[in-house]
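Here is what each chain is made of, one letter per residue.
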There are 6 protein chains.
Amino acid sequence: MPELIVYLLEGRSVEDKRALVRDLTGAVVKNLGVPQESVTISLVETAWTDKGKGGVLFADMKAR
Amino acid sequence: MPELIVYLLEGRSVEDKRALVRDLTGAVVKNLGVPQESVTISLVETAWTDKGKGGVLFADMKAR
Amino acid sequence: MPELIVYLLEGRSVEDKRALVRDLTGAVVKNLGVPQESVTISLVETAWTDKGKGGVLFADMKAR
Amino acid sequence: MPELIVYLLEGRSVEDKRALVRDLTGAVVKNLGVPQESVTISLVETAWTDKGKGGVLFADMKAR
Amino acid sequence: MPELIVYLLEGRSVEDKRALVRDLTGAVVKNLGVPQESVTISLVETAWTDKGKGGVLFADMKAR
Amino acid sequence: MPELIVYLLEGRSVEDKRALVRDLTGAVVKNLGVPQESVTISLVETAWTDKGKGGVLFADMKAR
């Protein structure tokens, strides 16, 4: 309470994920005044073939 | 804006995903009048053991 | 199977939603070869104060 | 941990929602062995004009 | 109708998933009165490095 | 890219939402190195009768 779902492309390091979860949690606690322990965050990674923008897969943009 | 999340069973080819993302984006642009570049789509694949319908895993239906 | 969740700003007409759901479903059936009846779509509308891009609420962009 | 999101059509009573959240939580605790307090459930209601199956809005099925 | 998305940490057995999907479906049918066949459930597993609570990754809690 | 969905209880002020979206976006840009403009955030509010923890609706906790 609250729960965050982050949809991102795969390939981030554990260090980046650790810092991301820490800072997102901090942003929630600061602005909503909820206990830190109540914040849950799930990072849902998708392959570059499984995400698109503007109708084009990221895998195909990468190839350009 | 908008963002689409598609929950589907794993096993689709990149060709199918490419065409799906292209056509879903086209359907959004046509009906909502938003710029094509603003449409983001994530395909979230789940294993056949991780999805169920009618209380039964798709993995178990497959076995039948 | 599959399920689509569409996150969009509120304010669309029922006509737009009807056509959007029809065309998104068509795109799924065409590219994944699933039965039309198996496609479920939820449109999750958010207020202009409840969605942001680039760190700015859409409500504030609108004001500009 | 885990977090459940339930996408349903609007119009359920508080009694139904209360019992649904109770029983869904029970099913998670029983099968995953997690503490009851760790289970969070959000019910995301959509209007009958904002959800479709088989390419048709539930609002239009209702009319039939 | 309805659709459930369950965000959980990876590592559950197929037996646990099978029973979880069965019991969650039962809880929905019992309380919402919908046909069993209409209930769809996706289990979205995340790695222990991809989920956090209280600003800390589950992978780091595990290490303690 | 990425997209964040935040599931929270209803009742926050626009000022809180504005600051939350700004700070969450900052946390993403800092840790993932993506352009600020690419970050999209949707706040999905649920009524106190539509969210539960530990098998109990927040509406019922509130009453205690």
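A brief look at the structure comes next. (Residues numbered from 1 in each chain as written. Chains lettered and ligands numbered in written order. Predicted model: local features only at pLDDT ≥ 70, side-chain atom pairs only at ≥ 80, totals over all residues. Heavy atoms only, no water.)

### Points about helix H1 (residues 14-32) of chain E
Note on helix geometry: an α-helix contains 3.6 residues per turn, so any two residues three or four positions apart are oriented the same way. For H1(E), with 19 residues, the first-to-last C-alpha span of 27 Å sits near the 27 Å given by 1.5 Å per residue. For H1(E), the full list of buried residues reads Lys17(E), Ala19(E), Leu20(E), Val21(E), Asp23(E), Leu24(E), Thr25(E), Ala27(E), Val28(E), Asn31(E) and Leu32(E). (Helix = DSSP H or I, 4+ residues; strand = E, 2+ residues; numbered from the N terminus. Expected span 1.5 Å × (residues − 1). Buried < 20%, exposed > 50% of the residue type's maximum accessible area, 1.4 Å probe, protein only.)

### Quick look at the relation of the copies chain F and chain A
For the match of chain F to chain A, the screw axis carries a shift of 0.0 Å, the RMSD comes to 0.0 Å, and the turn is 180°. Within this description, the copies of the chain are treated as partners about a two-fold rotation axis. (Least-squares fit on C-alpha atoms with pLDDT ≥ 70 in both.)

### Some words on the sheet that holds strand S3 (residues 51-53) of chain E
Strands pair in a sheet through their backbones, by hydrogen bonds, and they do so in one of two ways: parallel or antiparallel. In space, the eight strands of this open sheet follow the order S4(C)-S3(C)-S2(F)-S1(F)-S1(A)-S2(A)-S3(E)-S4(E), with mixed pairing throughout. Because the sheet does not close on itself, it has two edges, and the strands there are strand S4 (56-57) of chain C together with strand S4 (56-57) of chain E. Across three bridges, the pairing between strand S2 (residues 40-46) of chain A and S3(E) is antiparallel. Within S3(E), the residue paired with Ser42(A) across the bridge is Lys51(E). Along the sheet face, helix H1 (residues 14-32) of chain F touches strand S1 (3-9) of chain A, strand S3 (51-53) and S4 of chain C together with strand S1 (3-9) and strand S2 (40-46) of chain F and points at about 140° away from the line of S2(F). (Pairing = 2+ DSSP bridges. Contact = heavy atoms within 4.5 Å. Axes fitted to C-alpha atoms, helices over the stretch in contact; angles between N-to-C directions.)

### Quick notes on the environment of Gly52(A)
Within the fold, Gly52(A) resides in strand S3 (residues 51-53). In this view, Gly52(A) contacts Leu57(A), Phe58(A), Val21(B), Val39(B), Thr40(B) and Ile41(B); residues no more than four positions away in its chain are not counted.

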